[in-house]
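The lines below spell out each chain.
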Amino acid sequence: MSLVLSFLMSAWVTYLNLGFVDAFLQRWMQAWLKAWPAAAIISFVFGPAVNRTSLLLTRLVIRR
């Protein structure tokens, strides 16, 4: 999941910052190579808490 999210988000942010310039693909890949490890670490660190929270919220909604 971190691979896909960082791939798409880095494309979007690169586009917002630069537009479609000649070196877009190169800049995007540079940004993605830096974003993917950060996204993976964030996913591993916060994933369990996010999972617990979503399960709790699901149980609360189902009870209503």
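Residues numbered from 1 in each chain as written. Predicted model: local features only at pLDDT ≥ 70, side-chain atom pairs only at ≥ 80, totals over all residues. Heavy atoms only, no water.

A few words on the side chain of Ser6. Inspection of the secondary structure puts Ser6 in helix α1 (residues 2-18). The class for Ser6 is buried, based on a relative accessible area of 5%. From its side chain, Ser6 meets the backbone oxygen of Ser2 in a polar contact 2.7 Å long. With residues up to four places along the chain from it excluded, the contact list for Ser6 reads Trp32, Ala35, Trp36 and Ala39. (Helix = DSSP H or I, 4+ residues; strand = E, 2+ residues; numbered from the N terminus. Buried < 20%, exposed > 50% of the residue type's maximum accessible area, 1.4 Å probe, protein only. Polar contact = N/O pair within 3.5 Å; in protein donor to acceptor, adjacent residues only side chain to side chain. Contact = heavy atoms within 4.5 Å.)

A grouping of Leu5, Met9, Trp12, Val13, Tyr15, Leu16 and Phe20 is seen on the molecular surface, where their side chains present a nonpolar patch of about 760 Å² in accessible area. Along the polypeptide, Met9 turns up in helix α1. By relative accessible area, which is 44% here, Met9 ends up partly exposed. (Patch = residues over 30% accessible without salt bridge, like charges linked within 9 Å, V, L, I, M, F, W, Y side chains within 5 Å. Areas by Shrake-Rupley, 256 points an atom, 1.4 Å probe, with all protein chains shown as cover. Salt bridge = Lys/Arg side-chain N within 4 Å of Asp/Glu carboxyl O.)

Turning our eyes to something else, we now look at the packing of α1 against helix α2 (residues 24-63). It is the contact of α1 with α2, at a shortest axis distance of 8 Å, that shows an interaxial angle of 135°. Relative to α2, α1 is oriented oblique. Between α1 and α2 lies a crossing of right-handed hand. Every residue of α2 that contacts α1 at Ser2, Leu3, Ser6, Phe7, Ser10, Ala11, Thr14, Tyr15 and Leu18 is listed here: Phe24, Arg27, Trp28, Met29, Ala31, Trp32, Ala35, Trp36, Ala39, Ala40 and Ser43. Grouping the constituent residues of the contact of α1 with α2 by class yields 14 nonpolar, five polar and one charged. (Axes fitted to C-alpha atoms, helices over the stretch in contact; angles between N-to-C directions. Parallel < 35°, antiparallel > 145°, perpendicular 65-115°, else oblique. Left-handed = near helix turned anticlockwise from the far one by under 90°. Nonpolar A, V, L, I, M, F, W, Y, C, P; charged D, E, K, R; others polar.)

With that settled, the discussion passes to the packing of aromatic side chains. Aromatic ring pairs are reported here in terms of the distance separating the ring centres and the angle at which the planes meet. With the rule as written, the count across this model stands at seven aromatic pairs. Where Trp12 meets Tyr15, the ring centres are 5.9 Å apart and the plane angle is 35°; that geometry is what we call tilted. Placement of both Trp12 and Tyr15 in helix α1 is noted, with a separation of three residues, approximately one turn of the helix. Given a relative accessible area of 35%, Tyr15 falls into the partly exposed group. Ring centres of Phe24 and Trp28 lie 5.8 Å apart, and the angle between their planes is 45°; on these two criteria the pair is classed as tilted. Here Trp28 and Phe24 lie together in helix α2, a separation of four residues that amounts to about one turn. Across this residue pair, the class does not change: Phe24 and Trp28 are buried. (Phe/Tyr/Trp six-rings, centres within 6.5 Å; stacked < 30°, edge-to-face > 60°.)

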